[in-house]
Amino acid sequence: MIEKRAGRAGTTAQQCRVTVCRGCCCGDAAKLPGIDHAGQIPRLRAALGDAAPVRASDCLDVCDQANVIVVQPSPAGRAAGGRPVWLGLVNDDDALADIAAWIRAGGPGIAEPPGVLDLYAFTVSRRVREQLES
């Protein structure tokens, strides 16, 4: 289940929302050694500034893709056809920077993601997808 977090100052319901998995495998140094898991969320928040809130979740049930980040479109992005984008194997700061730049530009439905994010994007089952959206 998703851990609900209070909104940060300056965020609104008109923004993208970012969910970072921190369940059984994502954020686990035993599974993914050599990665600063504890610093990943603060670095993403710093890179996004007030562009979007970032929340941590329990396991999103796609452990083979650790570390997972889901970018949900803003209401305007959803109206323009944007849907949540699931990004896996996000294990370096360059990927975080690309994700943050895309979200600052508007995210799903508003801005085209940098081409490199195609390497991270994956499709999840409807069951997993519905769990995040509930």
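Along each chain, residue indices are assigned from 1 in the same order as the chain's sequence is written. Confidence filtering applies because this is a predicted model: local features only for residues at pLDDT of at least 70, side-chain atom pairs given and counted only at 80 or more, and all residues used for totals across whole chains, interfaces and linings. Hydrogens and waters are ignored; side-chain quantities use all the structure's heavy atoms.

**Things to note about the overall build of the protein chain**
So, point 1. Looking only at helices and strands, the protein chain has four helices and five strands in total.
So, point 2. Only DSSP runs of H or I with at least four residues qualify as helices, and only runs of E with at least two residues qualify as strands; both kinds are numbered from the N terminus onward. Counting from the amino terminus, helix and strand elements in the protein chain follow one another as β-α-β-β-α-β-α-β-α.
So, point 3. Scored against the burial criterion, the 134 residues of the protein chain give a buried share of 44%.
So, point 4. When checking whether two residues touch, look at their non-hydrogen atoms; a contact exists if any pair is within 4.5 Å. Nonlocal contacts in the protein chain, meaning residues at least 24 apart in sequence, comprise 74% of its contacts between residues at least 6 apart.
So, point 5. If you sum the accessible surface of the protein chain, you get close to 6,700 Å²; carbon and sulfur atoms cover 53% of it. Each residue gets one of three labels from its accessible area relative to the maximum for its type: buried under 20%, exposed over 50%, partly exposed in between, using a 1.4 Å probe on protein chains only. Areas reported as accessible are Shrake-Rupley estimates using a 1.4 Å probe. Residue values count occlusion only from the protein chains shown.

**Here's the deal with the pairing of strand β3 (residues 69-72)**
So, point 1. What you see with β3 is no split at all: I69 and V71 on one side and V70 and Q72 on the other are buried throughout.
So, point 2. Being paired, for any two strands, means DSSP has found at least two bridges between them. Sheet analysis places strand β1 (residues 17-21) next to β3, joined by four bridges and oriented antiparallel. Its bridge partner lying in β3, T19 is registered against V70.
So, point 3. Judged from the three bridges that link them, β3 and strand β4 (residues 85-87) form a sheet pairing that is antiparallel. When the sheet's bridge partners are listed, I69 is paired in β4 with L87.

**Thoughts on unusual backbone geometry**
So, point 1. The omega angle of the peptide bond from A66 to N67 is 0 degrees, so this bond is cis rather than trans.
So, point 2. Structurally, N67 is set in the loop between β2 (54-57) and β3.
So, point 3. Positive phi, close to 70 degrees, is recorded for D61, a residue that is not glycine.
So, point 4. Tracing the backbone through its elements, the reader meets D61 in the loop between β2 and β3.
So, point 5. Given the relative accessible area of 37%, D61 is considered partly exposed.
So, point 6. Of note in the backbone geometry, L89 takes a positive phi value of approximately 60 degrees without being a glycine.
So, point 7. Topologically, L89 is positioned in the loop between β4 and α3 (93-104).
So, point 8. Judged by its relative accessible area of 43%, L89 is partly exposed.

**Some words on the nonpolar core**
So, point 1. Ranked by size, the top nonpolar core spans 22 residues in total, and within it V18, L44 and I69 carry the most contacts.
So, point 2. The biggest single contributor to this core is α3, with six residues.
So, point 3. In this description, a nonpolar core means a group of buried Ala, Val, Leu, Ile, Met, Phe, Trp, Tyr and Cys residues linked to one another through side-chain atoms lying within 4.5 Å. By size, the runner-up hydrophobic cluster in this structure holds 13 residues, among which are C21, C25, C26 and V62.

**Observations regarding the pairing of β2**
So, point 1. Of the two faces of β2, the one holding V54 and A56 and the one holding R55 and S57 are both buried throughout.
So, point 2. Pairing of β1 with β2 involves four bridges; the strand directions are parallel. What sits directly across from C21, in β2, is S57.
So, point 3. Assessed by its sense of winding, the connection that carries the chain from β1 through helix α1 (residues 37-48) to β2 is right-handed. When the strands point away from the viewer, a crossover counts as right-handed if the route from the first strand across the helix to the second turns clockwise.

**Considering the packing of α1 against α3**
The description of two helices packed together rests on the angle between their axes and the distance between the axes.
So, point 1. Axis definition: a line fitted to C-alpha atoms, limited for helices to the stretch in contact. Angles are taken between N-to-C directions and run from 0 to 180 degrees. Packing of α1 against α3 brings their axes to within 9 Å, and their N-to-C directions diverge by 35 degrees. For α1 against α3, the interelement crossing comes out right-handed. For the pair α1 and α3, contact is made by Q40, R43, L44, A47 and L48 and by D93, L96, A100, I103 and R104, respectively.
So, point 2. In this count, Pro and Cys sit with the nonpolar residues alongside Ala, Val, Leu, Ile, Met, Phe, Trp and Tyr, while Asp, Glu, Lys and Arg are called charged and the others, Gly among them, polar. Class assignment for the residues of the contact of α1 with α3 results in six nonpolar, one polar and three charged. Helix crossings are classified by the rotation of the near helix relative to the far one: an anticlockwise turn of less than a right angle makes the crossing left-handed, while a clockwise turn makes it right-handed.

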